[in-house]
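Remarks on the overall topology
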Amino acid sequence: MALISTRHIKEAVYDMCKNSNYNLPADVSEAMLAASRQEKSSLGKQVLAQLVENSHLAREQNIALCQDTGMIVVFLEIGQEVSLTGQAIEEAINEGVRSAYQDSFFRNSIVHDPLIRDNTNDNTPAVVHYKIVPGDTVKIVVSPKGFGSENMSALRMLKPSQGLDGVKAFVLETISTAGGNPCPPMIIGVGIGGTMEKVALLAKEALMRPINQDHILPHVASLEHELLAEINKLGIGPQGFGGSVSALGVNIEVYPTHIAGLPVAVNVSCHVTRHQQRILAPKNGGDLL
Amino acid sequence: MELFPPLMAIESLECGDEVRFQGVVYTARDAAHKRLVKLLEQGEELPFPAKGAVIYYVGPCPAKPGEIVGSAGPTTSSRMDDLTLPLLEAGIKGMIGKGERSEKVITGIKKHKAVYFAALGGAGALLARCIKHMELIAYPELGPEAVYKLEVVDFPAIVAIDARGRSIYQEGRKQYQAGGMLHG
Ligand code: SF4
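Residues numbered from 1 in each chain as written. Chains lettered and ligands numbered in written order. Predicted model: local features only at pLDDT ≥ 70, side-chain atom pairs only at ≥ 80, totals over all residues.

Let's talk about the pairing of strand S2 (residues 18-27) of chain B
Residue and element names in this part refer to chain B.
- Across 2 bridges, the pairing between strand S1 (residues 2-3) and S2 is parallel. From the neighbouring strand, Leu-3 faces S2, where its bridge partner is Phe-21.
- In the sheet, S2 pairs with strand S7 (residues 147-161) via 8 bridges, with the strands oriented antiparallel. Of the residues in S7, the one forming a bridge with Tyr-26 is Lys-149. (Pairing = 2+ DSSP bridges. Helix = DSSP H or I, 4+ residues; strand = E, 2+ residues; numbered from the N terminus.)

In structure tokens form, the structure reads like this:
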């Protein structure tokens, strides 16, 4: 049995909440630079250059990349040989979020009750997804998700007869409708398969993968490339002002599904797609690997 | 082009023009809009001079000690669409946000010869640098959604919908659409 203290998870969540709001992931930074070279519209080029400047400023001066410091989404992969010790896990995670947001003066964007809409004033709770996996480590992914883009996301239960063409049409329709709202250039996570709740989760998981990394299945990877090319033909452009770069990447995750169904979910994200990850090992109760 | 609010004649601005704001803009987003519109419905005055005023749709991050404001980029404007017309009628001339507006708002913009500007979404760090002063005007209980008076210098924006109702979101997109599955 491997013991890992939830205190280490709390500390890791704290660090990642802070860092992810200041530092764009390397793959997104690179894609933004490439986009600013490729963009055909001169206004679009200028916009991209300013967005790159924004990310430098955020990194150098510890200013949040975006004022929407998001709702925290956490993916926890817990090795089945691990026993967690200390405080209750979800409490530990939320304490990490709370302290990070307070110490960093990030915006508190969470309302406690979705209908009454009273702000929790500490940006908790996080949305936490748990997975039990083989092994004796804990992998933690932290991603602050902004809602300008989250709101443009969509899920549809397609008929199997709609097939691949139906999937493509739904993704393109969703992005076309989103237009300039989700702060393009966007990053798109797509889930295909599973059940209704599974497909939504797949779409979110897809956003956690670096955009320069293709799906391991060749037919899925080629769909990622095809959809990216199609999205960029929509003409939305940086900030929706028109241009040749509307998205930086499309990531897809797939899962087996029912003979009668073809669920598809599109999780829209923006040029401020933030995520970080850490792996905790049992030595000394949770050292960093 | 430089703009010094309150805005007067801005009919010469065309969609796609780059502008820089110098002077005062007021913040208001979802919750504040509800309250401002309610004031107007009750026949009361806005908590700031409405004539020619510019409203910035923003809910900034709080200021760190010794700083003026945290990250402060625009929020999605369409959420304010249903609450925009009464403010235009009250004399508001400019709105700064991000993303498309409804047909109703575009019609209102034309009627009142107002302009909708787009600031860079997701450039909160960059835009915060242009804010030189921030003062609470109304609704402190709304936290980041309260109404603030901001003094800005060289605050960059694009004319997104001009007083004739031309929208960069429609025109820009048309120009760069390249056929493809959806439009082929
Ligand atoms: S969509 Fe992204 S970049 Fe735009 S405001 Fe929201 S978090 Fe920020």
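Quick look at the site of the ligand
- By nearness alone, every residue bordering the ligand is listed as A:Cys66, A:Asp68, A:Gly146, A:Gly148, A:Ser149, A:Pro182, A:Cys183, A:Cys270, A:Val272, B:Gly73, B:Gly121 and B:Gly122.
- Site remark: the ligand is flanked by residues from chains A and B.
- Class assignment for the residues of the shell around the ligand results in 5 nonpolar, 6 polar and 1 charged. (Near = placed C-beta within 6 Å. Nonpolar A, V, L, I, M, F, W, Y, C, P; charged D, E, K, R; others polar.)

Description of the interface of chain B and chain A
- Taken together, the contact pairs 44 residues of chain B with 44 residues of chain A.
- If you list the elements that add at least two residues to the side of chain B that touches chain A, you get helix H4 (124-128), helix H5 (168-176) and helix H6 (180-183) of chain B.
- For the side of chain B that touches chain A, the element with the highest residue contribution is H5(B), accounting for 8 residues.
- Per-class residue counts for the side of chain B that touches chain A are 20 nonpolar, 18 polar and 6 charged. (Contact = placed C-beta atoms within 7 Å.)

As for the packing of helix H2 (residues 26-38) of chain A against helix H3 (residues 42-61) of chain A
Residue and element names in this part refer to chain A.
- Look at H2 against H3: their axes get within 9 Å of each other, and the N-to-C directions meet at 155 degrees. When the axes of H2 and H3 are compared, the pair comes out roughly antiparallel. For the crossing formed where H2 meets H3, the hand is left-handed. Facing H2, whose interface residues are Ser-29, Met-32, Leu-33, Ala-35 and Ser-36, H3 presents Lys-45, Leu-48, Ala-49, Leu-51, Val-52 and Ser-55.
- Here the contact of H2 with H3 is composed, by residue class, of 7 nonpolar, 3 polar and 1 charged. (Axes fitted to C-alpha atoms, helices over the stretch in contact; angles between N-to-C directions. Parallel < 35°, antiparallel > 145°, perpendicular 65-115°, else oblique. Left-handed = near helix turned anticlockwise from the far one by under 90°.)

Concerning the nonpolar core
- Counting 127 residues, the largest nonpolar core has A:Val13, A:Ile188, A:Val190, B:Ile55, B:Phe117 and B:Ala160 as the members making the most contacts within it.
- Residues lining this core come from more than one domain, with at least three contributed by each of domain 1 (2-21 + 65-145 + 275-288) and domain 2 (148-269) of chain A.
- When residues no more than four places from it in sequence are discounted, the contact partners of B:Ala160 are B:Cys15, B:Tyr116, B:Phe117, B:Ala118, B:Ser167, B:Ile168 and B:Tyr169. (Core = buried A, V, L, I, M, F, W, Y, C linked by C-beta atoms within 7 Å. Buried ≥ 20, exposed ≤ 12 C-beta atoms within 10 Å, placed from the backbone. Domains from an automatic or database assignment.)

Details of the confidence of the model for chain B
- Per-residue pLDDT for chain B has a mean of 95; in total, 99% of the residues score no lower than 70.
- Per the prediction output, this complex has pTM 0.95; the corresponding ipTM is 0.92. (pLDDT = per-residue confidence, 0-100.)

Some points on the packing of helix H1 (residues 6-22) of chain A against helix H4 (residues 89-104) of chain A
Residue and element names in this part refer to chain A.
- Contact pair H1 / H4: the axes reach a minimum separation of 8 Å and the direction vectors enclose 35 degrees. In terms of crossing hand, the pair formed by H1 and H4 is right-handed. Along its contact with H1, which presents Thr-6, Arg-7, Ile-9, Lys-10, Glu-11, Val-13, Tyr-14, Cys-17, Lys-18 and Asn-21, the element H4 presents Ile-89, Ala-92, Ile-93, Glu-95, Gly-96, Val-97, Ser-99, Ala-100, Tyr-101 and Ser-104.
- Taken together, the residues of the contact of H1 with H4 sort by class into 10 nonpolar, 5 polar and 5 charged.

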